[in-house]
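Per-entry structural report
Listed below are the residues making up each chain.
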Amino acid sequence: MDLKLKLSCCIAAALIWVSSGAAGISGAARAALAGNGASAAVPDASRGAESAWNQAKPSKPPVRSQNSKSSHTEIQSGDDSGKGQQRGAETASTPAEPEQPLEPLSESWEARFAWGMYYSKMACLAAEHRAGSWALDRQGSWAGVPQQMLRAEELLAEAVEAAPEEQQRGKLAERALRLYYHAKWLAERNHATACEWRYREASRLAHKSRRNVLASHALGRLGYFLMHWRRIDEAKEVLQDSRRLSQKSNPLAPYLLGLLDRQASISDVARLRNAEELIIHSGEQPSADLELERQNLIQEITYW
């Protein structure tokens, strides 16, 4: 079929998307975003956070209930060349509370780091209505954040600063990963300002610790939520930054950029082709819903 007819079909599709309020993010993507059952698996900090992105298909906005089921497998931090990345959630089960550190909280950097990790994991397991008291985040986002989450971030920052030089890079990567999970918890509950600052800070710290895959994943997920919040221009900029940081194990950013460009290429045939190439070659997506959506789009693209 000639390009004019193909372009006309894309224009019609774009109009349907606009009328349904898609605004750059399609139905399957919105469904994936709204997941109550997001995996709580902690992946290797050097490999990013792919297993954390696997989500059950939901029917409600993104609010995790206390009894939601998720994976809780943890993997130790390593280098970007590390092997054995786990993809997909493990056997579903109710997340178990982490054990309290044996060492009492003290001025020791090890104790402060251990308690920071503990408070962080407890904060991420809590339902919003059981998150405890909230406080103003005066050190970062200037938005409301659970007090326990802020305490965890404070302890981890102090511990990394005080850690021996030979251990700082690894501990900084772990701190970046915990910020990633704090951002995810806040994003699922639509606390946009607090979430955005943490995704950006997680990316910055991961890049500083030479975990570029994690750095790119943090920005990719931020771009996803920015699309959901209808901040399309900002989403595109963040997704481009994600691709610049790393194209390794980063299928989400090119796919979402392809979606945005495909919708915007109403009268630009070359841009339409490039957008479709991004969609086709982006690779398997980190959630089943997004991958199904991509395969459906590929069928639509190749049909014409």
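Since we're looking at a predicted model, the values are computed, not measured.

Side note on the packing of aromatic side chains
This structure, assessed with the given rule, holds nine aromatic pairs. With centroids separated by 5.6 Å and ring planes inclined at 45°, the aromatic side chains of tryptophan 115 and tyrosine 119 adopt a geometry described as tilted. Linking tryptophan 115 with tyrosine 119, this pair stays in helix α3 (residues 109–125), spanning four residues, or about one helical turn. Under the relative-accessibility criterion, tryptophan 115 is labelled buried at 10%. Chaining the aromatic ring pairs together yields one cluster made of Tyr180, Tyr181, Tyr199, Tyr224, Phe225 and Trp229.

Points about the environment of tyrosine 255
By the element assignment, tyrosine 255 lies in helix α9 (residues 252–264). Since its relative accessible area comes to 0%, tyrosine 255 is described here as buried. Along the primary structure tyrosine 255 and arginine 294 are separated by 39 residues, whereas in three dimensions their C-alpha atoms are 8.0 Å apart. Ignoring any residue separated from it by four or fewer positions in sequence, one finds tyrosine 255 in contact with Ile279, Ser282, Gln285, Leu290, Glu293, Arg294 and Leu297.

Observations concerning the pattern of salt bridges
Applying the stated rule across the entire model yields 18 salt bridges. The partner of glutamate 196 in a salt bridge is arginine 200, with the nearest N and O atoms 3.2 Å apart. With glutamate 196 and arginine 200 both in helix α6 (residues 192–208), this residue pair falls four residues apart, about one helical turn. Residue classification places glutamate 196 among the buried residues on the basis of a relative accessible area of 15%. Residue aspartate 261 is joined to arginine 271 by a salt bridge in which the shortest nitrogen-to-oxygen separation is 3.3 Å. With aspartate 261 in helix α9 and arginine 271 in helix α10 (residues 269–281), the pair connects residues that are ten residues apart, well separated along the chain. On the basis of relative accessibility, which here comes to 30%, the residue arginine 271 falls in the partly exposed class. One network of salt bridges, in which partners are shared, links Glu196, Arg200, Arg231 and Glu234.

Definitions and limits used
Residues numbered from 1 in each chain as written. Predicted model: local features only at pLDDT ≥ 70, side-chain atom pairs only at ≥ 80, totals over all residues. Heavy atoms only, no water. Phe/Tyr/Trp six-rings, centres within 6.5 Å; stacked < 30°, edge-to-face > 60°. Helix = DSSP H or I, 4+ residues; strand = E, 2+ residues; numbered from the N terminus. Buried < 20%, exposed > 50% of the residue type's maximum accessible area, 1.4 Å probe, protein only. Contact = heavy atoms within 4.5 Å. Salt bridge = Lys/Arg side-chain N within 4 Å of Asp/Glu carboxyl O.

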